[in-house]
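# Structural characterization, general
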Amino acid sequence: MSLKSFLFLAIFIALFFESSLISLPLVFILCLLLYIIYPDTSVVIFALFMCMILDVLRVGPIGLSSLAIIIAIGLVELIRSSMEFRDYKLIIPFLFIASYLYANLFVYSVNFLTYFVLFGVASLIVYYFSGSKLLWRKGM
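The structure displayed is predicted, hence computed values, not measured ones.

## A short note on the nonpolar core
One finds Ile11, Val27, Phe28, Leu32 and Ile69 to be the most contacted residues of the largest nonpolar core, which totals 42 residues. Of all elements in the fold, only α1 (3-20), α2 (26-37), α3 (41-57), α4 (64-82), α5 (88-105) and α6 (112-130) reach the threshold of two or more residues within this core. Top contributing element to this core by residue count: α2, with 12 residues. When sequence neighbours within four positions are dropped, the list of residues in contact with Phe28 reads Ala68, Ile69, Ala72, Ala98, Ser99 and Tyr102.

Put into structure tokens, the structure is as follows:
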């Protein structure tokens, strides 16, 4: 199973967990991680669609999560144009800050210990799948 397929599956699973059981922005984090690794228009459309479904399942204003993911993707593109990420250690702090701000703006439980564990796991996943490849290279 490729990383892209794994992340698509993880986003579908996280969509239902986040809307019912877990109070963490898993869909936001996974969609942003998917875009960071695979910067493609189809990934943006998929992320927008998943965020809209999340808003419907959470019974919130439709499009608010989509707006947040678009702003985060815009920031990723801004950072990408100014520097080239070659190491996963630069991606994890950006994901941490973006998801923490997202969790503070929306109604999520904000617990630093939970976030550190979550991003420890995310950093291991990125490290495992990225290896020595460039993360910004098209067509991985």
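Next comes the rest of the description.
## As for the state of the cysteines
Scanning the model with the defined rule gives 0 disulfides in all. Cysteine Cys51 is unpaired, with the sulfur of Cys31 as its nearest cysteine sulfur at 4.9 Å.

## Remarks on α3
Helix length check: α3, at 17 residues, gives a terminal C-alpha distance of 24 Å against a target of 24 Å (1.5 Å per residue), a fit within 8%. All of the buried residues in α3 are Val43, Val44, Phe46, Ala47, Met50, Cys51, Leu54 and Asp55. Of the residues flanking the end of α3, it is Val59, one or two places downstream, whose phi is positive at about 55 degrees.

## Quick notes on the packing of aromatic side chains
Across all of its chains, the model carries 3 aromatic pairs by this definition. Ring geometry for Phe12 and Phe46: centres 5.6 Å apart, planes at 70 degrees, overall edge-to-face. Here Phe12, found in helix α1, pairs with Phe46, found in helix α3; they are 34 residues apart in sequence, far enough to count as distant. Residue Phe12 is classed as partly exposed on the basis of its relative accessible area of 39%. On the numbers, 4.2 Å between centres and 5 degrees between planes, the contact of Phe28 with Tyr102 is stacked. Placement of the pair is Phe28 in helix α2 and Tyr102 in helix α5, with a sequence separation of 74 residues. Across the pair, Tyr102 and Phe28 agree in class, each one buried. Put simply, the rings of Phe8, Phe12 and Phe46 pair up and form one aromatic cluster. The ring of Tyr38 carries the charged tip of Lys4 above its face, separated from the ring centre by 5.2 Å.

## Re the packing of α2 against α3
Between two packed helices, what matters for the description is the angle formed by their axes and the separation of those axes. α3 packs onto α2 with a crossing angle of 175 degrees between their chain directions and a minimal axis gap of 10 Å. Relative to α3, α2 is oriented roughly antiparallel. Along its contact with α2, which presents Val27, Cys31, Leu34 and Tyr35, the element α3 presents Val43, Val44, Phe46, Ala47, Met50 and Leu54. Among the residues making up the contact of α2 with α3, the classes are represented as 10 nonpolar, no polar and no charged.

Rules of the game
- Residues numbered from 1 in each chain as written.
- Predicted model: local features only at pLDDT ≥ 70, side-chain atom pairs only at ≥ 80, totals over all residues.
- Heavy atoms only, no water.
- Core = buried A, V, L, I, M, F, W, Y, C linked by side-chain atoms within 4.5 Å.
- Buried < 20%, exposed > 50% of the residue type's maximum accessible area, 1.4 Å probe, protein only.
- Helix = DSSP H or I, 4+ residues; strand = E, 2+ residues; numbered from the N terminus.
- Contact = heavy atoms within 4.5 Å.
- Disulfide = S-S within 2.5 Å.
- Expected span 1.5 Å × (residues − 1).
- Phe/Tyr/Trp six-rings, centres within 6.5 Å; stacked < 30°, edge-to-face > 60°.
- Lys NZ or Arg CZ within 6 Å of the ring centre and 35° of its normal.
- Axes fitted to C-alpha atoms, helices over the stretch in contact; angles between N-to-C directions.
- Parallel < 35°, antiparallel > 145°, perpendicular 65-115°, else oblique.
- Nonpolar A, V, L, I, M, F, W, Y, C, P; charged D, E, K, R; others polar.

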